[in-house]
Amino acid sequence: MKKVVKFGGSSLASAEQFIKVGKIIKADKERCYVVPSAPGKRFSADTKVTDMLYGCYALAEEDKDFSGELKAIRERYQEIIDGLKLKLSLDEEFKVIEKNFKEKAGDNYAASRGEYLNGIIMAAYLNYTFVDAAEVIFFKDTGEFDAEKTNEVLSERLAGCANAVVPGFYGSFSDGRVKTFSRGGSDITGSIVAKAVKADVYENWTDVSGFLVADPRIIENPAVIEVITYRELRELAYMGATVLHEDAIFPVRQQGIPINIRNTNAPEDKGTWIVGSTCQKSRYVLTGIAGKKGFCAVNIEKDMMNSEIGFGRKVLQAFEENGISFEHVPSGIDTMTVFVHQDEFMNKEQKVVAGIHRLADPDSIDIESDLALIAVVGRGMKSTRGTAGRVFAALAHANINVKMIDQGSSELNIIIGVTNDDFEAAIKAIYDIFVVTQL
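The shown structure was predicted, so the numbers you read here are calculated from the model rather than taken from an experiment.

A. Structural context of the overall build of the protein chain. The helix and strand tally for the protein chain stands at 14 helices and 16 strands. Taking 2.2 N^0.38 as the reference for a compact globule, 439 residues should give roughly 22 Å; the C-alpha atoms of the protein chain span a radius of gyration of 25 Å, in line with that estimate. Expressed as lengths along the three principal axes of its C-alpha atoms, the size of the protein chain is roughly 75 × 50 × 40 Å. Looking at the 439 residues of the protein chain, the share that counts as buried comes to 52%. Residue pairs in contact within the protein chain that sit at least 24 positions apart in sequence constitute 75% of those at least 6 positions apart. Of note, the protein chain has its 52 positive side-chain charges centred 6 Å away from the centre of its 63 negative side-chain charges.

B. Seen up close, the packing of helix α4 (residues 91–102) against helix α5 (residues 107–126). Between α4 and α5, the shortest axis-to-axis distance is 12 Å and the interhelical angle comes to 175 degrees. In terms of orientation, α4 lies roughly antiparallel with respect to α5. When α4 is examined against α5, the residues Glu93, Phe94, Val96, Ile97, Asn100 and Phe101 are found in contact with a partner set consisting of Tyr109, Ala110, Arg113, Tyr116, Leu117 and Ile120. Here the contact of α4 with α5 is built from residues that sort into 9 nonpolar, 1 polar and 2 charged.

C. Highlighting helix α1 (residues 15–26). With 12 residues, α1 ought to run about 16 Å at 1.5 Å a step, and its terminal C-alpha atoms sit 16 Å apart, in line with that. Within the sequence span of α1, burial applies to Ala15, Gln17, Phe18, Val21, Gly22, Ile24 and Ile25. Contacts from the buried residues of α1 go to β1 (3–7), β2 (31–36), α3 (67–84), α5 and β7 (201–206).

D. Main features of the sheet that holds strand β13 (residues 335–341). Taken together, 6 strands build an open sheet; the order of strands is β12-β13-β11-β14-β16-β15 and the sheet is antiparallel. The open sheet has two free edges, formed respectively by β12 (326–328) and β15 (404–407), since each of these has just one partner strand. Ignoring strand direction, the axes of neighbouring strands in this sheet form an average angle of 40 degrees. The sheet strands contacting helix α12 (residues 349–360) are β11 (288–301) and β14 (364–377), and the helix crosses β14 at an angle near 105 degrees.

E. Here's a closer look at helix α14 (residues 423–436). With 14 residues, α14 ought to run about 20 Å at 1.5 Å a step, and its terminal C-alpha atoms sit 19 Å apart, in line with that. The secondary structure elements touched by the buried residues of α14 are β11, β14, α13 (387–397) and β16 (413–419).

F. A negative patch on the surface, seen in detail. A grouping of Glu301, Asp303, Asp361, Asp363 and Asp366 is seen on the molecular surface, where their side chains present a negatively charged patch. Its location among the elements puts Glu301 in strand β11. With a relative accessible area of 42%, Glu301 lands in the partly exposed category.

G. Representation of the sheet that holds β7. Strand order in the open sheet formed by 8 strands is β3-β4-β2-β1-β7-β9-β10-β8, with mixed pairing between adjacent strands. Of all strands in the sheet, those bounded by a partner on one side alone are β3 (129–130) and β8 (227–229). Pairing geometry for β8 and strand β10 (residues 272–275), over 3 bridges, is parallel. Looking across to β10, one finds that Thr229 is bridged to Val275. The sheet strands contacting helix α8 (residues 230–238) are β8, β9 (259–263) and β10, and the helix crosses β8 at an angle near 85 degrees.

The rules behind these values
Numbers given to residues run from 1 along each chain, matching the order in which its sequence is written. Where local features are concerned, this predicted model is filtered to residues with pLDDT of at least 70; where side-chain atom pairs are given and counted, the filter is 80 or more; whole-chain, interface and lining totals use all residues. The side-chain numbers reported here are obtained from all heavy atoms of the structure, hydrogens and water having been left aside. Helix and strand assignments come from DSSP, with helices taken as H or I runs of at least 4 residues and strands as E runs of at least 2, each series counted from the N terminus. Within these notes, the globule rule equals 2.2 Å times the number of residues to the 0.38 power, and the radius of gyration is based on C-alpha atoms. Residue exposure (1.4 Å probe, protein chains only): buried if accessible area is under 20% of the type maximum, exposed if over 50%, otherwise partly exposed. Residues count as neighbours in contact if any of their non-hydrogen atoms are within 4.5 Å of one another. We score Asp and Glu as negative and Lys and Arg as positive, and we do not count His or the chain ends. A charged residue contributes its charge at one atom only: NZ of Lys, CZ of Arg, CG of Asp or CD of Glu. Only the contacting stretch of a helix is used when fitting its axis, a line to C-alpha atoms as for every element, and angles between N-to-C directions run 0 to 180 degrees. Angle categories: roughly parallel below 35 degrees, roughly antiparallel above 145, roughly perpendicular from 65 to 115, and oblique for all the rest. For this scheme, ten residues count as nonpolar: Ala, Val, Leu, Ile, Met, Phe, Trp, Tyr, Cys and Pro. Four count as charged, namely Asp, Glu, Lys and Arg, and the remainder, Gly too, count as polar. One less than the number of residues in a helix, times 1.5 Å, gives the span that helix is expected to have. Two strands qualify as a pair provided DSSP detects at least 2 bridges between them. Residues enter patches when they are more than 30% accessible in relative terms and free of salt bridges; like-charged ones are connected within 9 Å and nonpolar ones (Val, Leu, Ile, Met, Phe, Trp, Tyr) within 5 Å. Only the protein chains shown count as covering a residue, and every accessible area follows the Shrake-Rupley method with a 1.4 Å probe. Salt bridges are counted wherever a side-chain nitrogen of Lys or Arg sits within 4 Å of a carboxyl oxygen of Asp or Glu.

None of the figures reported here should be taken as evidence of function without further support.
Structure below.
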C-alpha cells in the first residue's frame, strides 16, 4: 500500500510539532509521500508564517524596508531547524527570496515560500527526496489548474521516488511564475499527489480528530463522523463546514481513493473516513449539520404563475443580469422565492427588483433580510421515515419559526431557512433530537 500524508499548519508550527509528525510518518512505512503546509500558529496570539510573508511582501511592493519582517520569518524557521538539531542552512534560500521580493515577484510567490521552506526542512528531517511543487504542479495561463499536465509530470517524477516531500499550496504557470491555490490549498496538493501515485489512502492530518457532526462553536463536544461520503461532504462544506478544502475532493474521487482525516495531537484516534460510497450506516440518521447566516429572500407573487411558461427563467434572468447567483428557489402555485447572499444583493436590490418587474410583471415583490440557511445532511435520511417531521418538531419545540424548507430529490439533505437570531438555537435543537436524545 501507498499512503499520501498531508499535515496542516498547526501540525508543523514548531519543532515539537515536527517531532510528533515525524513519529507519525515513521510509525507506518506505507506513508511514502508527505505534503506539508507552512508553519501555523504556535499559540492563539501568534501569526501564521503565510500571513507574515504577505505582510513582508506588501512592504517590498511599496519599496519600503522589509528586512526586519524577513528576519522574523527566518527566525521562525531557524527555531524549527535548531529544535530538530538539523545541519541545514536556509541562507541561500532567503537570499533568493529577498532578491525576488525586491524584483516584485508577486504575492503568489511570496505566500508560497512558507510551504516551500517547510518542505525543505521536512525532507531533511525525514531524509526524503524534496520535489518543488513548482516543477510538477501546473496552471493554465487562464489561472485554471491544469490537471492533465500535472498528473502526467507528477506521476513520472514520483515514480522514481520511493519517498518524497511535495510542498502544498502552489504550482506554476508555463513560464515558471508561481501560482497558489486559494487558502487551505495544501489539501488540494495532497489530493493531486494521491491521484498521481495511485495511493491507497490520502491521510489529511490536522488539529481535530475528524469531521464533526456540528460546529463545536455552537455544540459543545459534538460527535465525530466516522464515515462520510464525498457527496455528503460537499453538501456540508458548501454550507460552511470546514476541515478540508472542498476542491480537494475531486482528484481522489475520480480514482476512488478514500481520505482519512486524522489528528496530529491524538494519532490514536481513528478520525473520519471520506469515501465514494459505503454500505456502513451512520451512527445517527443524519451525518452532519452545517449552515450559514447572511441571506435574504426575494418573494415574488403572481396569480396563475404556474401556468405561465418561462416565468421562473424571467425572474432568474434579473439576478443574472446583475451578477448575482442564487442559493435556493422554493416555489408554490402563485409564489416563488429566491434566496441570495445578502452582502451580494444589498447594493443591487433595486436594480434586481426593477428587472423582475420588467421581465416577469409580477403582482408583488417582498424582500426579507437577515436569514440563515441550515443543511441537515445524511445518507441515512433516505431510508428513514419522518426525518423532516422530526426536524419540524424539534424546531417547533424550541419556538423557532421556519421560513423555508427545501429537500432535493436525492433525499440526501434538507435545507431549512430561519432568522439569523434563531440560527444557533435551531442547530442545537436539531442536534439534540437526532444525536443527543435520538428520538
